[in-house]
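# Structure assessment
One letter stands for each residue in the lines below.
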Amino acid sequence: MNGEICKVGDDFKKQQTNLRKKISKHKSSQSHLHAERIIEKQKLEIMPTQVLKTSYIDIENTKRIFRTAYTIAKNQRPYTDMQNLVDLQIINGLDMGRILQTNKACSNIIDHITFEMRKKLCLDLLHNKRKICIIVDESTTLSQKSMLVICLRSAVSNNNDVITYFFNIIEVQNTSANSIKTAILTDLYAHGLTDDFLKENLIAFVSDGASNMLGRLSGVGVQLQSIYPNILIWHCCNHRLELAVSDTLKEVQGTNHFQSFIEKIYALYHQSPKNMNELSECAASLETKLLHIGKIFTIRWVASSEKTLKAVWNNYVSLSDHFSKAAIDIKRDSKERSKYVGLKRILTSVEFIMNLGIMYDGLSELADLSLQLQERSLSLSAANRAIERTIRIFDSMANICGPKTQEAMDAGTHFMFKNVQLITNKSIPKIQHGQFFMSLANNLGTRLFTTQANHVSKNKNGFKSEFDELLKDLDVLNSNYWPDNVDILYGDDCVRRLVTRFHLDEKTTIRGFREFKDTKDSSQINDLHPLLTAVRTIAISSSECERSFSAMNNIVTSKRNALTTGHISSLVFLNCIGPPIQLFKPDHYVETWIKSGRRNADELNCPKRSFKDEDKSYDHLWTLFNM
């Protein structure tokens, strides 16, 4: 069989040589172009079909190699693991072929699989004319390269489920708005998403609040809007939530002192393993589970701050016990003992417990909202409802205490919290309960209810912002917001505005909407599905970019900081959105690999992988272990 393959390969090479000779003989431009087309056609099918009809064993060996390389990418392992994994499978009795067993082959296979997957994705977008939303964010790698993550949100597959997914990572020379805009469009064009396609199907651009991204005069969003006038520019809701929390911290007295004390506790145990061990011993003696105490209100999202307050709340008894023991520990100097006395006076004060309860209740609601806004399938309307619900909760909590606040108030009344005696410490500024929650409610409404930072102005329709107009138009698609007696023409003007924004067919969409008003059920109205899908395609958060950066940071470690941008992109792509290993089917990728002129795992006309000589220093020990 291998001899037949070699013969076919030789015949193919002869055919290519003959074709090139024919091209050189034809001097006329028409004949030259015709011959070039033949060559290009041959490149698309380099190996004849019968080469792919190799034996079952030949194909299976190459599939095993592809699965091994895919496993390495999916588990964020270095390319050098390829040889060890192949050797392991050979020891376990599998035939892995002769070649494609090196780290270089592993890199090429991973890049090929990623290229084919991204090609399938782009063909699906083009053939089905999917509406897309672009989500971008910029960061820096360990090697100090400026990297731009591009994520897309669109409908996928035949059931039209809309999801947000990683698309590519590209390197930018600088972080100016014009450079980022050019890099985004160049990358999309390179993958076949043409300018005509984007004019019809690009409906939104989402990013964080950096001035180069969403600057009102020359940001990336504004520059894209000058090319595609109907796209929606959206400031990530999760980033705006953080800004709303930051505004509240500036307005409400006592929050800075509270944050400073929590950070002192974090530094106390983060910087000293001795202190951490002593705290663990205190927790063990009290038979309590110790939770990790981190920072609060840092660059991390608010959900991480909630985890820190939960840890302080649950570890309270252990912290108090450790401070008490350290304050009288004769092995410590007087200055250090005094520090623990001061920490205990704050920790066991009624004022601190009240502040802790108020902050815990507030951050619990904010963390829940933050996690909701990070969901990949969350729509704009659902996000708006979640935000409005949280604002109503804070309005209510300004007058009605939350569960942790009520527990703290009860503790202050009895001067006892979790069996720890409390004291009064008037030097600690109190957080005013009503002011704190009213400030949160007001800042959430101010920060989250606009389409772009500071983009608030009255338009010809009387709306305060583009966001208000868009939400009013979207409300007509929800039967819960309709009046009791719906006129047959109700909401047609809103649907027409949406149709214009999303480049849809007006006649069929209006017909579907009117049918919807009769049936009250949109699930069976095909004419309305394109509009509903387009509405769901608007992303409300750039959280997928943050997930992609987290994956990149796990891949580009200090020992792998020399990876090229292309390799990083391939590894992140497979790690983030590649199917699980048990669901990966290598057949298509093996076929396109061979069609592109690459060797299969059993190729004979090339040198076999060389094995590195092992250190024989421990031969006698190994013999003993294997006896």
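Look up: the structure comes first, before these words.
All of the points below concern the structure found in this document. Note that the structure is a prediction, hence the values are computed from the model and not measured.

About the criteria used
- Residue positions are given per chain, counting from 1 as you read along its sequence in written order.
- With the structure being a predicted model, the display of local features is reserved for residues of pLDDT at least 70 and the display and counting of side-chain atom pairs for 80 or more, all residues being used for whole-chain, interface and lining totals.
- Excluded from the side-chain calculation are hydrogens and water; included are all heavy atoms of the structure.
- In this description, strands pair whenever DSSP reports at least two bridges between them.
- A run of DSSP states H or I qualifies as a helix once it reaches four residues; a run of E qualifies as a strand once it reaches two. Both are numbered from the N-terminal end.
- Between N-to-C directions, angles cover 0 to 180 degrees, with each direction set by a line fitted to C-alpha atoms, over the stretch in contact for helices.
- Buried, partly exposed and exposed residues are distinguished by accessible area as a fraction of the type maximum, computed with a 1.4 Å probe on protein chains only: under 20%, between the cut-offs, and over 50%, respectively.
- Within 3.5 Å is the distance limit for a polar contact, defined as a pair of N or O atoms, with the added protein rule that one can donate a hydrogen and the other accept it, and that residues adjacent in sequence qualify only through two side-chain atoms.
- Every residue pair with non-hydrogen atoms within 4.5 Å of one another is taken to be in contact.
- Only centres within 6.5 Å qualify two rings of Phe, Tyr or Trp (six-membered ring in Trp) as a pair; their planes then separate them into stacked at under 30 degrees, edge-to-face at over 60, and tilted for everything else.
- Whether a charge lies above a ring is judged from NZ of Lys or CZ of Arg, which has to be within 6 Å of the ring centre and within 35 degrees of the ring normal.

## Examining the sheet that holds strand β3 (residues 161–171)
Taken in spatial order, the 5 strands of this open sheet run β3-β2-β1-β4-β5, and their pairing is mixed. Here the strands that pair on one side only, and so sit at the sheet edges, are β3 and β5 (232–235). Here the strands of the sheet are splayed against their neighbours by 25 degrees on average, with no regard to which way each runs. In terms of strand pairing, strand β1 (residues 132–140) meets strand β4 (residues 202–207) through 4 bridges, oriented parallel. When the sheet's bridge partners are listed, isoleucine 135 is paired in β4 with valine 206.

## Some remarks on the side chain of serine 379
In this structure, serine 379 sits in the loop between α17 (350–373) and α18 (380–397). Residue serine 379 is classed as buried on the basis of its relative accessible area of 16%. Only 3.3 Å separates the side chain of serine 379 from the backbone nitrogen of alanine 382, close enough to count as a polar contact. Ignoring sequence-local partners within four residues, the contact set of serine 379 consists of Arg153, Arg536 and Ile540.

## Remarks on the packing of aromatic side chains
One pass over the structure, following the stated rule, counts 15 aromatic pairs. Seen from their ring centres, phenylalanine 584 and tyrosine 589 are 5.7 Å apart, and the 20 degrees between their planes marks the pair as stacked. The buried category is assigned to phenylalanine 584, whose relative accessible area is 5%. Relative accessible area serves as the criterion here: at 7%, tyrosine 589 is assigned to the buried category. A cation over an aromatic ring shows up here: arginine 118 above the ring of phenylalanine 167, its NZ or CZ 5.7 Å from the ring centre.

## Topic: the pairing of β4
Judged by how many residues are buried, β4 sits mostly within the fold: 6 of 6 residues are covered. Two strands pair when backbone bridges link them, and β4 and β5 are joined in this way by 4 bridges, in the parallel orientation. The partner of serine 207 across the bridge, within β5, is histidine 235.

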